[in-house]
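One-letter residues, chain by chain:
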Amino acid sequence: MPVDAAIDEGLPVGPWILTPSVVTGYEYDSNPLFTEGGSASDRVSILTPRLGAFLPVSNSGFRIELEQSYYNYEILDLDDNTVTDISAAVELEFSTSDNLEVAFDRTSGLARSVQAFDEGGEAVFQGDTFDLNQYTMALSRSVSGHRGYRFQVVRRDLVFDPNTTAKFFNYRGWSYSGEYREPVAPGRWIIASVEGRRYDHFRVLSRPGDLFRQEDSRMLFVGLDGKFFSHWNSRVRVGYGDYRFPMADGSDYSGMVGDFSASYRSSGERLLVQIIAAHKPQASFFFNSTYYLNTSSEMTLEYGVRPRLTLGGRANFGHSAYRDPLVNPGDPQEGLIRADRSRTVEVFGRIELTPWIGATVSARSSRRTSNYEGEEYEAKSIFGGLAIGWL
């Protein structure tokens with residue numbers, strides 16, 4: 001790699017390329033714990049130092065990233081105020097165009113980003129702390145105009161602090177996926193996919209090892225992937241899902257599943273557009289419910305107003321439909337079948353002051369409505385920060 005290119009991508013140190021950075025900022029949050037009545041607004045200072053290191057070896061390499069975030073709330077008194085992210089990956093590219101990746105990811109500390117363990121967003125930040133370990137092995141081949149494939153196996157272990165009041169569950173288990181890609185035109189493929197999960201679920205406050213239910217799911221998809229319109233890359237899949245929850249009293253799911261993604265880059269890459277949508281069940285922790293059927297969509301726009309100034313926005317909408325009537329003796333809402341709607345709208349701006357120093361501001365509004373009293377919330381936040389280094 002030329003020296004100038006290496007410096008642009010990071011700091012060369014012997015055979016390694018380092019990408020150190022630090023982000024510091026200040027956030028105002030109107031409802032930090034996402035409660036229905038609105039918890040007291042708070043202000044939080046944030047500091048995130050990060051170090052990435054990459055060791056290139058021919059067309060392969062080894063990558064490691066360490067990140068520690070500190071959240072200093074002015075009002076909230078939490079047992080922990082940090083989030084630690086550690087990741088390491090070996091990426092091997094063979095002469096046959098096959099790629100092998102072996103990776104480890106660990107996230108621990110405050111559960112500020114529930115998407116790490118609850119893709120559907122039923123959980124919200126309640127000041128809880130957790131540890132999530134993920135081990136991934138993937139083998140793939142993707143060459144334009146040729147047949148391709150991807151096989152992946154993932155092991156995940158989620159554990160909340162035993163003293164937490166988290167409205168979620170611990171889990172551990174395996175997920176797998178496989179995909180075959182048949183070319184039908186330059187840059188276009190027909191795809192056939194299979195995905196599955198086998199997880200054990202544990203109550204947070206129960207004795208370690210006391211299993212209370214399992215998840216055994218399988219999904220089959222067919223779809224299209226590639227460039228069908230100028231500057232657009234698209235991927236759409238539709239299929240059938242079968243979700244089983246052994247040991248649970250709630251319902252299983254059998255029915256349609258699907259997902260969609262599309263990305264657009266204008267000439268010169270000044271305008272970027274990303275669209276994603278999904279219709280899938282997600283495991284639920286809501287009393288006797290085993291799952292909820294989540295339908296979501298999201299659009300992100302970024303526009304380079306000037307070479308060093310970028311403005312953008314993001315909007316997410318979701319609907320969660322539960323299957324089973326609530327069973328909770330003494331609850332005046334017993335017998336209700338829960339249904340939620342959610343939306344998040346965010347605007348942001350970034351400016352590069354120098355090649356290694358940038359400033360960012362953002363404003364976000366989130367809301368969830370529900371027919372079950374106690375699960376609604378509305379929250380607004382404003383953030384301003386400074387980033388130094390390679391991000």
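Let me begin by describing the structure that accompanies this report. Since the model is a prediction, treat every value here as computed from it, not as a measurement. (Residues numbered from 1 in each chain as written. Predicted model: local features only at pLDDT ≥ 70, side-chain atom pairs only at ≥ 80, totals over all residues. Heavy atoms only, no water.)

Remarks on the packing of aromatic side chains
For clarity, the cut-off: Any pair of Phe, Tyr and Trp rings, taking the six-membered ring for Trp, is counted once the centres come within 6.5 Å. Such a pair is stacked with planes under 30 degrees apart, edge-to-face with planes over 60 apart, and tilted for the rest. Classification of residues uses two cut-offs on accessible area relative to the type maximum, computed with a 1.4 Å probe and protein chains only: under 20% is buried, over 50% is exposed, and between them is partly exposed. Note on geometry: a ring has a charge over it if NZ (lysine) or CZ (arginine) is within 6 Å of the ring centre and within 35 degrees of the ring normal.
For the coordinates displayed, the defined rule picks out 23 aromatic pairs. Centroid distance Tyr149 to Phe151: 5.4 Å. Interplanar angle 35 degrees. Geometry classified as tilted. Judged by its relative accessible area of 16%, Tyr149 is buried. Aromatic ring contacts, followed pair by pair, group Phe117, Phe130, Phe160, Phe168, Phe169, Tyr171, Tyr199 and Phe285 into a single cluster. Against the face of Phe212 rests Arg203, its NZ or CZ located 4.3 Å from the ring centre. One cation-aromatic arrangement involves Arg237 over Phe221; the distance from NZ or CZ to the ring centre is 3.9 Å.

Points about the side chain of Asp340
Here is the rule: The secondary structure listing takes helices from DSSP runs of H or I that are at least 4 residues long and strands from runs of E that are at least 2 residues long, numbered from the N terminus. Between N or O atoms, a polar contact is any pair within 3.5 Å; within protein, one atom must be a potential hydrogen donor and the other a potential acceptor, and residues adjacent in sequence are included only when both atoms are from side chains. Whether two residues are in contact is decided by their heavy atoms: any pair within 4.5 Å suffices.
Among the structural elements, Asp340 can be located in strand S17 (residues 339-354). Asp340 sits in the buried class, given a relative accessible area of 5%. In this structure the side chain of Asp340 is engaged in a polar contact, spanning 2.5 Å, whose partner is the side chain of Arg338. When residues no more than four places from it in sequence are discounted, the contact partners of Asp340 are Gly318, His319, Ser320, Tyr322, Arg368, Thr369 and Ser370.

Quick word on the nonpolar core
Quick reminder of the rule: To form a nonpolar core, buried Ala, Val, Leu, Ile, Met, Phe, Trp, Tyr and Cys residues must be joined to one another through side-chain atoms within 4.5 Å.
In terms of nonpolar packing, the biggest core is built from 24 residues, with Phe117, Phe130, Leu158, Phe160, Phe168 and Tyr171 touching the most fellow members. The set of elements that each furnish at least two residues to this core consists of strand S7 (129-141), strand S8 (148-160), strand S9 (169-185), strand S11 (211-229), strand S13 (253-265) and strand S15 (291-306). It is S11 that provides the largest number of residues to this core, a total of three residues. Here Phe160 is in contact with Phe117, Asp128, Thr129, Phe130, Ala166, Phe168, Phe169, Asn170 and Val204, once residues within four sequence places are set aside. Residues Val44, Tyr71, Val83 and Phe125 belong to the second largest nonpolar core, which totals nine residues.

Observations concerning the pairing of strand S4 (residues 60-73)
This is how it is decided: When DSSP locates at least two bridges between a pair of strands, those strands are taken to pair.
Of the strand pairs in this sheet, strand S3 (residues 42-57) and S4 are connected by twelve bridges, and their pairing is antiparallel. Residue pairing across strands places Phe54 opposite Arg63, the latter belonging to S4. Between S3 and S4, which pair antiparallel one after the other, the connecting turn spans two residues, and Ser58 there sits at a positive phi close to 55 degrees. Here S4 runs beside strand S5 (residues 82-93); their pairing, made up of ten bridges, is antiparallel. Across the sheet, residue Ser69 finds its bridge partner in S5, namely Val83.

Quick word on empty space enclosed by the protein
Formally: Only protein atoms enter the 1 Å grid, on which a cavity is a set of points fitting a 1.4 Å probe that cannot get out and a pocket is an open set with protein on both sides within 12 Å along at least 5 of 7 lines, lining residues being those with an atom within 4 Å of a point. Grid points are joined across faces, edges and corners, and a volume is the space filled by probe spheres set on the points.
Summed over all chains, the structure comprises one cavity of 30 Å³ or more. Surrounding the largest cavity, Asp29, Phe34, Arg364, Ser365, Ser366, Ala379, Lys380 and Ser381 form its lining. Elements with a contribution of two residues or more to the lining of the largest cavity: strand S18 (357-370) and strand S19 (377-389).

Structural notes on the layout of surface pockets
The criterion, for reference: Gly is placed with the polar residues, together with every amino acid not listed as nonpolar (Ala, Val, Leu, Ile, Met, Phe, Trp, Tyr, Cys and Pro) or charged (Asp, Glu, Lys and Arg).
What the second largest pocket holds in volume is close to 560 Å³. If you go around the second largest pocket, you meet 24 residues; those closest to its centre are Arg203, Phe212, Phe285, Phe286 and Phe287. When residues of the lining of the second largest pocket are traced back to their parent elements, those giving at least two are strand S10 (188-203) and S11. Grouping the amino acids of the lining of the second largest pocket by side-chain chemistry returns twelve nonpolar, seven polar and five charged.

Topic: the environment of Ile275
Turning to its location among the elements, Ile275 is positioned in strand S14 (residues 271-283). As for Ile275 and Glu298, which are separated by 23 residues in sequence, their C-alpha atoms are 5.7 Å apart. Residues within four places of Ile275 in sequence aside, it is in contact with Trp232, Phe260, Ser261, Ala262, Glu298 and Met299.

Some points on the environment of Ser144
Locating Ser144 in the fold gives a position in the loop between S7 and S8. With a relative accessible area of 52%, Ser144 lands in the exposed category. Taking the C-alpha atoms as reference points, Ser144 and Pro186, separated by 42 residues in sequence, lie 6.7 Å from one another. For Ser144, the contacting residues outside a window of four places in its chain are Gly187 and Trp189.

Here we look at the side chain of Ser217
Structurally, the position occupied by Ser217 is in strand S11. For Ser217, a relative accessible area of 1% translates into the label buried. Ignoring any residue separated from it by four or fewer positions in sequence, one finds Ser217 in contact with Tyr176, Glu195, Gly196, Arg197, Asp242 and Tyr243.

Things to note about the pattern of salt bridges
Applicable threshold: Note on definitions: salt bridges are taken to be side-chain nitrogens of Lys or Arg within 4 Å of carboxyl oxygens of Asp or Glu.
Inspection of the entire model under this criterion finds 26 salt bridges. With its nearest N and O atoms 3.2 Å apart, the salt bridge here joins Glu65 to Arg50. Here the residue Glu65 occupies a position in strand S4, and Arg50 occupies one in strand S3, the gap between them amounting to 15 residues. Looking at Arg50, the relative accessible area reads 18%, which means it is buried. Linking Arg218 and Asp242 is a salt bridge whose minimum nitrogen-to-oxygen distance equals 3.3 Å. One end of the pair, Arg218, is in strand S11; the other, Asp242, is in strand S12 (residues 232-244), with 24 residues separating them in the sequence.

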